[in-house]
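# Structural overview
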Amino acid sequence: MTVRKNNRTKEQGAETKKLLFESAVKLFGQCEFKDVTVEAITRMAGVTKGTFYVHFDSKDTLYAELFSAYVERMDTQYKAFLDTLPPQMSSSDMMLSLIKEIIDLMTAQIGYDNLRTIYRLQLTNTMNTDSVKGYERKLYCFFQEVLERGLKQGEFKTVLPTEALSRHFVMAIRGLTYEWCIRYPHFDLKQEATAHFRLLLEGIQT
């Protein structure tokens, strides 16, 4: 009986957390991050503020968890995209295709407002945002995979380990998206990213 009760309590807790997530997603989609309050989230979810703080320390914590889920889903999409590219494609074209796909998905599924918010959370360092900035993120592996392919085929040359080089590529994306955030809407992210990565690739081509 006790085990069944505990399982039911866990299920109810998971359902409540899911409801808070869904309410937050709707509100963040309608309003800017700063305009969404914990009270608004709990009102939409039909729970008390006390219940909210059982599951999350703050609105920022909830947002970071939401963004972590976005990142995991997008990394899965990036991998699926890479797997669709023809095997005869050059590694340079494969890298550029991946960059364009990243930009397309990032702008369509995350968007300017959410990227601006996650940069703020990273800069204030008030919570764990390793899902985005951690070196264990799958995105680094995807870049490393393409770079190693290019090296094996004699298309690339580098004095750096591919792991270090992949970090430079990810840093480039981060810098470009930050530039997009501070110059929005007068910055064509896809166009600038394509041009920038062409320069990076020229530097390692044989």
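Every value quoted in this text rests on a predicted model; they were computed, and no experiment measured them. (Residues numbered from 1 in each chain as written. Predicted model: local features only at pLDDT ≥ 70, side-chain atom pairs only at ≥ 80, totals over all residues. Heavy atoms only, no water.)

Over its 22 residues, helix α8 (residues 162–183) extends 31 Å from the first C-alpha to the last, a length consistent with the 32 Å expected when each residue adds 1.5 Å. Inspection of α8 places T162, L165, S166, F169, V170, A172, I173, L176, T177, W180 and C181 among the buried residues, and these make up the whole buried set. Looking at the packing, one finds that the buried side of α8 touches α5 (91–124), α7 (138–152) and α9 (189–202). (Helix = DSSP H or I, 4+ residues; strand = E, 2+ residues; numbered from the N terminus. Expected span 1.5 Å × (residues − 1). Buried < 20%, exposed > 50% of the residue type's maximum accessible area, 1.4 Å probe, protein only. Contact = heavy atoms within 4.5 Å.)

Right, let's get into the nonpolar core. The biggest cluster of nonpolar side chains holds 61 residues, and the ones touching the most others in it are F143, F169 and F197. Among the secondary structure elements, those contributing two or more residues to this core are α1 (2–30), α2 (38–45), α4 (59–84), α5, α7, α8 and α9. In terms of residue count, the dominant contributor to this core is α5 (15 residues). Those residues in contact with F197 that lie beyond four places of it in its chain are L96, I99, F143, F169, A172, I173 and L176. (Core = buried A, V, L, I, M, F, W, Y, C linked by side-chain atoms within 4.5 Å.)

So, on to the packing of aromatic side chains. Enumeration according to the criterion identifies 14 aromatic pairs in this entry. Seen from their ring centres, F52 and F56 are 5.4 Å apart, and the 45 degrees between their planes marks the pair as tilted. Judged by its relative accessible area of 0%, F52 is buried. Taking relative accessible area as the criterion, F56 reaches 1% and is therefore assigned buried. On the numbers, 6.0 Å between centres and 40 degrees between planes, the contact of F143 with F169 is tilted. (Phe/Tyr/Trp six-rings, centres within 6.5 Å; stacked < 30°, edge-to-face > 60°.)

As far as function goes, none of this settles anything; it's purely spatial.
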